[in-house]
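Structure at a glance
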Amino acid sequence: MPPTPTLPRTDPEALAALQRDHGRALFGFLVGLTAGDAQRAEDLVQETLVRAWQHPEALAGRHESMRPWLFTVARRLAIDARRARLSRPLEVDPEGLEQAPAAEDTAAGTVTAIDVRRAVGSLGPEHRQVLLEVYFRDRSVAEAAAELGIPAGTVKSRTHYALRALRKDLQGYGYGLGA
């Protein structure tokens, strides 16, 4: 098996000098870019120094100072890290999950709605009309009577018998269906 070629790397002493000379300023710059997150800034400083270690040609250049190159690399790394964080779903603390409300079971509500529709559908048209006016359109007995063109006593009677029929059909739900 042929030997793996080693890539040129920055001399460890030069890298240590780079960190000593520019590390504090780089950290302060990155704390500002990370909205005060010191841990994230430290990680980005380390990543910036890894890039300097991987690219010895940057140090060998004729730069008066390495600080502009370091700050440019650090800024790009901070931008990339932010974009990566924003593209992922928000991380949730496991303790927060325990306090989160349980997901609502919509199947039970759907079954109830189907049963209620079926029960109302089984009523005669006169009883359905009275319930529609009194309960769904929130009209008083007098208003429902005027709308339907029947006496108020008839509205009360039909409401009573309609609710009694619904109570019988929806017995398992325990609804307190008036009268």
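Residues numbered from 1 in each chain as written. Predicted model: local features only at pLDDT ≥ 70, side-chain atom pairs only at ≥ 80, totals over all residues. Heavy atoms only, no water.

**Observations concerning the nonpolar core**
Formed by 17 residues in total, the largest nonpolar core has its most connected members in L18, L26, L30 and L70. Elements that contribute at least two residues to this core include exactly α1 (12-33), α2 (38-54) and α4 (67-87). Element by element, the count of residues in this core is highest for α4, at six residues. Excluding residues that lie within four positions of it along the chain, L26 makes contacts with V45, T48, L70, F71 and A74. (Core = buried A, V, L, I, M, F, W, Y, C linked by side-chain atoms within 4.5 Å. Buried < 20%, exposed > 50% of the residue type's maximum accessible area, 1.4 Å probe, protein only. Helix = DSSP H or I, 4+ residues; strand = E, 2+ residues; numbered from the N terminus. Contact = heavy atoms within 4.5 Å.)

**Concerning a nonpolar patch on the surface**
Together, L132, Y135 and F136 make up an exposed nonpolar region whose accessible area comes to about 340 Å². Its place among the elements puts L132 in helix α7 (residues 125-136). (Patch = residues over 30% accessible without salt bridge, like charges linked within 9 Å, V, L, I, M, F, W, Y side chains within 5 Å. Areas by Shrake-Rupley, 256 points an atom, 1.4 Å probe, with all protein chains shown as cover. Salt bridge = Lys/Arg side-chain N within 4 Å of Asp/Glu carboxyl O.)

**Notes on the packing of α1 against α4**
Two numbers describe how α1 lies on α4: the axes approach to 10 Å, and their chain directions differ by 35°. Here α1 runs over α4; the crossing is right-handed. Mapping the contact onto sequence places L18, D21, H22, A25, L26, F29, L30 and L33 in α1 and R67, L70, F71, A74, R75 and A78 in α4. Partitioning the contact of α1 with α4 into residue classes produces 10 nonpolar, one polar and three charged. (Axes fitted to C-alpha atoms, helices over the stretch in contact; angles between N-to-C directions. Left-handed = near helix turned anticlockwise from the far one by under 90°. Nonpolar A, V, L, I, M, F, W, Y, C, P; charged D, E, K, R; others polar.)

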